[in-house]
Amino acid sequence: MDLTLNHVSHRYSDMPVVDDISLHIPAGEILCVIGPSGCGKSTLLRLIGGLEQPTSGEILQIGEPPVGCLNPLTYVFQDFALLPWRTVRANVSLVLEDHGIRRAERNRIIDDVLARTRLSDFGDALPKQLSGGMKQRVAIARALAVNPAVMLLDEPLSALDAQTRELLMEDLVGLWERQKFTGVYVTHNLAEAVRLGHRIAVLSRRPGRVRELIKIDIPLKDRHMAHPELEAIQTRLWDLMREEATAADRELQHV
Amino acid sequence: MSEETRNVPYRGGGFSPVAKRGAGFVVFVVLVALAEWGTRAGWISNLTLPRPSDVGATLVELWQSGLLWTHIVPSLTRLVVGSAMGISAGICIGVMIGLFSYVRAGLIPLVAAIFPIPKIALLPLFVIWFGIDEGSKYALIALGTFTPTIVATYGAVDNVDRTLVRMGQSFGLSWSSIVRKIILPGALPGILSGLRVSIAIGIILLVAAEMLGAEYGIGAYILQAGSLYDLERLFAGVLILSVLGVVTSWAIGQLEKRLLRWRN
Ligand SMILES: Nc1ncnc2c1ncn2[C@@H]1O[C@H](COP(=O)(O)OP(=O)(O)O)[C@@H](O)[C@H]1O
Ligand SMILES: [Mg+2]
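No experiment lies behind these values; they were computed from the predicted model shown.

Chemist: For this particular structure, what's the right way to read the domain arrangement of chain A?
Modeler: One widely used convention gives an interface's size as the accessible area the parts lose upon coming together. Residues and elements named next belong to chain A. Here chain A is described as being made up of domain 1 (2-66 + 150-253) and domain 2 (81-148). Between the C-alpha centres of domain 1 and domain 2 there is a distance of 25 Å. Facing the 11 residues of domain 1 at the interface are 13 residues of domain 2. Taking both sides of the interface into account, the surface hidden between domain 1 and domain 2 amounts to around 1,100 Å²; carbon and sulfur atoms contribute 63%. By the criterion of area lost to domain 2, the three top residues of domain 1 are Met151, Leu168 and Leu175, representing 37% of everything that side buries. Counting across the interface, domain 1 meets domain 2 through 2 salt bridges. Between Asp171 and Arg137 there is a salt bridge, with its nearest N and O atoms 3.9 Å apart. Along the contact surface separating domain 1 from domain 2 lie 3 residue pairs in polar contact (both at pLDDT 80 or more). With 6 residues, the top contributor of residues to the side of domain 1 that touches domain 2 is helix H5 (residues 162-178). Split into classes, the residues belonging to the side of domain 1 that touches domain 2 amount to 7 nonpolar, 2 polar and 2 charged.

Below is the structure:
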């Protein structure tokens with residue numbers, strides 16, 4: 001299933017937040033969206049996920065979601081959004097319970113996604129017992145459980161420390177290699193963008209527009225921390241963003 | 001050159017009370033012992049305070065004569081029936097206020113208007129509506145526990161983390177699943193702590209209602225003792241009430257421990 005955005009704009013009361021964004025997201029590709037904070041990245045993701053309606057423009061799903069897909073557009077949130085009163089297994093189970101899946105099948109799915117995220121030993125733990133990185137892996141497991149057509153990730157690693165972030169990036173690459181999911185990955189971290197994005201959309205400061213769309217041809221599994229070509233792209237991204245970030249930083253907040 | 005060396009002065013700590021087992025019991029024992037000593041030695045006149053051992057004897061007598069149950073059973077029944085009605089209705093309405101804008105707009109002013117009325121003032125009205133017997137007492141306790149439960153419940157529903165609700169929506173959970181699996185469990189801590197307040201108010205109203213008209217019940221027992229200036233019996237009654245308060249608060253504590261194990 002592909003996604004297409006045609007001239008999507010969004011405003012909150014009088015404030016334009018997203019301005020005339022057109023993008024095509026083909027199946028099996030990860031699109032990273034970067035931009036200074038407050039430029040409308042999360043808003044764009046909410047629009048794509050159908051949690052908000054654009055003021056103008058259209059967002060189209062092209063083609064059918066894969067068979068066995070329970071929730072075509074599936075989120076991974078920055079703050080994990082796990083239910084603190086449910087164990088890891090029960091948190092994953094939550095998103096399956098509404099689909100009339102029999103218990104045995106449900107358990108099979110849960111076992112599978114926990115194994116894929118290396119959480120098999122922690123099924124009965126409560127979220128508060130887990131580190132930030134583990135919590136986010138639970139959230140990723142939960143997203144995988146519904147077999148999504150498109151994963152929408154909103155700064156999924158921003159609440160984690162640098163080492164955990166590095167490990168989770170490797171996990172995400174591994175997951176993608178195993179099953180080539182479609183992803184829209186919002187971040188303000190350039191290193192994440194060059195490691196995980198097949199293409200990178202650079203947004204301007206608010207109202208967010210696409211300033212530049214950069215394609216990286218290196219396969220995900222060959223991208224290492226100090227890859228010279230990636231470093232060059234990262235430098236270029238920073239040059240693009242520096243001016244926007246400075247200006248965004250000096251803006252007064254509209255609250 | 002000799003510099004003066006000393007430890008960095010410590011200035012952290014404090015402001016984090018921890019449970020000290022048995023401290024409450026010690027305070028209680030010391031107070032009772034003081035009263036016993038004072039009344040025996042004579043520096044507390046027995047018109048001011050009854051001798052604790054006499055109060056104890058009165059309680060034992062109550063127990064042995066079977067009168068204790070004659071008073072406690074109707075009181076407990078009133079408390080349980082009345083507060084069960086008030087609390088369950090309060091939780092329902094509170095959740096509705098938390099979920100629906102129209103219910104909220106329509107009912108919050110009404111609740112704000114009813115909340116501060118001293119409910120005991122309505123007892124004569126309730127006697128007309130529900131009869132002089134149990135009906136009016138149930139109604140009084142129900143109304144008294146109803147309003148604080150509503151306020152606690154909708155506050156608790158408002159405080160449920162909205163990102164969890166968005167998460168539920170983003171996974172396509174049905175409305176009823178979101179309410180049952182996200183809103184209600186998330187609101188439970190707030191509802192339970194509201195319950196403590198509601199039940200305490202229920203006990204106060206129970207006694208007041210029984211003082212105004214009941215043959216049996218702890219309130220009636222205390223009123224009789226008071227009018228005869230029988231301080232031992234009066235204190236025995238008060239003691240029963242405070243035990244009742246401690247027991248209900250302990251029961252809610254157990255409920256919290258059981259249901260909110262995920263919190264601590
Ligand atoms: N629900 C909302 N109502 C009003 N303004 C909002 C809302 N959500 C976000 N905004 C504003 O829109 C702008 C973009 O927000 P957001 O999409 O969260 O930015 P980003 O994720 O890029 O940091 C910010 O200025 C923010 O204050
Ligand atoms: Mg954001």
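Once you've had a look at it, read on.
Chemist: Any chance you could explain the packing of aromatic side chains here in plain terms?
Modeler: Enumeration over the complete set of coordinates arrives at 8 aromatic pairs over all chains. Geometrically, the ring pair formed by Tyr75 of chain A and Phe77 of chain A is stacked, given 5.2 Å between the ring centres and 15° between the ring planes. With relative accessibility at 3%, the residue Tyr75 of chain A sits in the buried group. We classify Phe77 of chain A as buried; its relative accessible area is 11%. Arranged with centres 5.7 Å apart and planes meeting at 70°, the rings of Phe126 of chain B and Phe130 of chain B form a pair that is edge-to-face.

Chemist: I'm lost on the packing of helix H6 (residues 134-158) of chain B against helix H8 (residues 175-212) of chain B in this one. Help?
Modeler: Two quantities define a packed helix pair, namely the angle between the axes and the distance from one axis to the other. Residue and element names in this part refer to chain B. Running from N to C, H6 and H8 cross one another at 155°; their axes reach a closest spacing of 7 Å. Regarding the angle of H6 to H8, the classification is roughly antiparallel. Relative to H8, the crossing made by H6 is right-handed. Along the contact surface, H6 presents Lys137, Leu140, Ile141, Gly144, Thr145, Pro148, Thr149, Ala152, Thr153, Ala156 and Val157, while H8 presents Ile183, Ala187, Gly190, Ile191, Gly194, Ser198, Ile201, Gly202, Leu205, Leu206, Ala209 and Glu210.

Chemist: Honestly, the state of the cysteines in this entry has me stumped. Any pointers?
Modeler: Two cysteines whose sulfur atoms are joined by a covalent bond form what is called a disulfide. Evaluation of the coordinates by the stated rule reveals 0 disulfides over all chains. Unpaired in terms of disulfides, Cys32 of chain A finds its nearest cysteine sulfur in Cys39 of chain A, a separation of 14 Å.

Chemist: What am I meant to see in empty space enclosed by the protein here?
Modeler: Over the atoms rolls a probe the size of a water molecule, and its path tells where empty space is left. All names here are of chain B. This model, assessed by the stated rule, comprises 3 cavities of 30 Å³ or more. Approximately 40 Å³ is the volume found for the largest cavity. What lines the largest cavity is simply Leu62, Leu67, Leu68, His71, Ile72, Ile218, Tyr221 and Ile240. Elements supplying a minimum of two residues to the lining of the largest cavity: helix H3 (67-99) and helix H9 (218-227). Ranked by residue count, the leading element in the lining of the largest cavity is H3, at 4 residues. For the lining of the largest cavity, a count of residues per class yields 7 nonpolar, 1 polar and no charged.

Chemist: Just to check I follow, could you spell out the pattern of salt bridges for this structure?
Modeler: Note on pairing: side chains with opposite charge can pair once their charged atoms come close. Applying the stated rule across the entire model yields 25 salt bridges over all chains. Where Arg165 of chain A meets Glu192 of chain A, a salt bridge forms, and the shortest distance between an N and an O atom there is 3.8 Å. One end of the pair, Arg165 of chain A, is in helix H5; the other, Glu192 of chain A, is in helix H6 (residues 190-196), and 27 residues separate them in sequence. Note on accessibility: Arg165 of chain A and Glu192 of chain A belong to one class, buried. When the shortest N-O distance is used, the salt bridge between Arg211 of chain A and Glu244 of chain A registers 2.8 Å. Taken together, the positions of Arg211 of chain A in strand E9 (residues 210-215) and Glu244 of chain A in helix H7 (residues 228-250) put the pair 33 residues apart, joining distant regions of the chain. Assessed through its relative accessible area of 36%, Arg211 of chain A is described here as partly exposed. Residues joined by salt bridges that share partners form a network here, namely Arg86, Glu97 and Asp98 of chain A together with Lys181 of chain B.

Chemist: Teacher, can you tell me more about the nonpolar core here?
Modeler: If you look at soluble globular proteins, the nonpolar side chains tend to sit buried side by side. Core analysis: the largest hydrophobic core is formed by 134 residues, its most contacted members being Ile200 and Leu237 of chain A. Here this core takes 13 residues from H8 of chain B, the largest share from any one element. Formed jointly, this core draws a minimum of three residues from each of two domains, domain 1 (2-66 + 150-253) and domain 2 (81-148) of chain A. Filtering out sequence-adjacent residues up to four positions away, Leu237 of chain A remains in contact with Ile34, Leu190, Val194, Ile200, Val202 and Ile214 of chain A.

Scoring rules and cut-offs
- Residues numbered from 1 in each chain as written.
- Chains lettered and ligands numbered in written order.
- Predicted model: local features only at pLDDT ≥ 70, side-chain atom pairs only at ≥ 80, totals over all residues.
- Heavy atoms only, no water.
- Domains from an automatic or database assignment.
- Contact = heavy atoms within 4.5 Å.
- Buried area = accessible area lost by both parts, 1.4 Å probe.
- Salt bridge = Lys/Arg side-chain N within 4 Å of Asp/Glu carboxyl O.
- Polar contact = N/O pair within 3.5 Å; in protein donor to acceptor, adjacent residues only side chain to side chain.
- Helix = DSSP H or I, 4+ residues; strand = E, 2+ residues; numbered from the N terminus.
- Nonpolar A, V, L, I, M, F, W, Y, C, P; charged D, E, K, R; others polar.
- Phe/Tyr/Trp six-rings, centres within 6.5 Å; stacked < 30°, edge-to-face > 60°.
- Buried < 20%, exposed > 50% of the residue type's maximum accessible area, 1.4 Å probe, protein only.
- Axes fitted to C-alpha atoms, helices over the stretch in contact; angles between N-to-C directions.
- Parallel < 35°, antiparallel > 145°, perpendicular 65-115°, else oblique.
- Left-handed = near helix turned anticlockwise from the far one by under 90°.
- Disulfide = S-S within 2.5 Å.
- 1 Å grid on protein atoms, 1.4 Å probe; cavity = no way out; pocket = protein on both sides within 12 Å on 5 of 7 lines; lining within 4 Å.
- Points joined across faces, edges and corners; volume = space filled by probe spheres on them.
- Core = buried A, V, L, I, M, F, W, Y, C linked by side-chain atoms within 4.5 Å.

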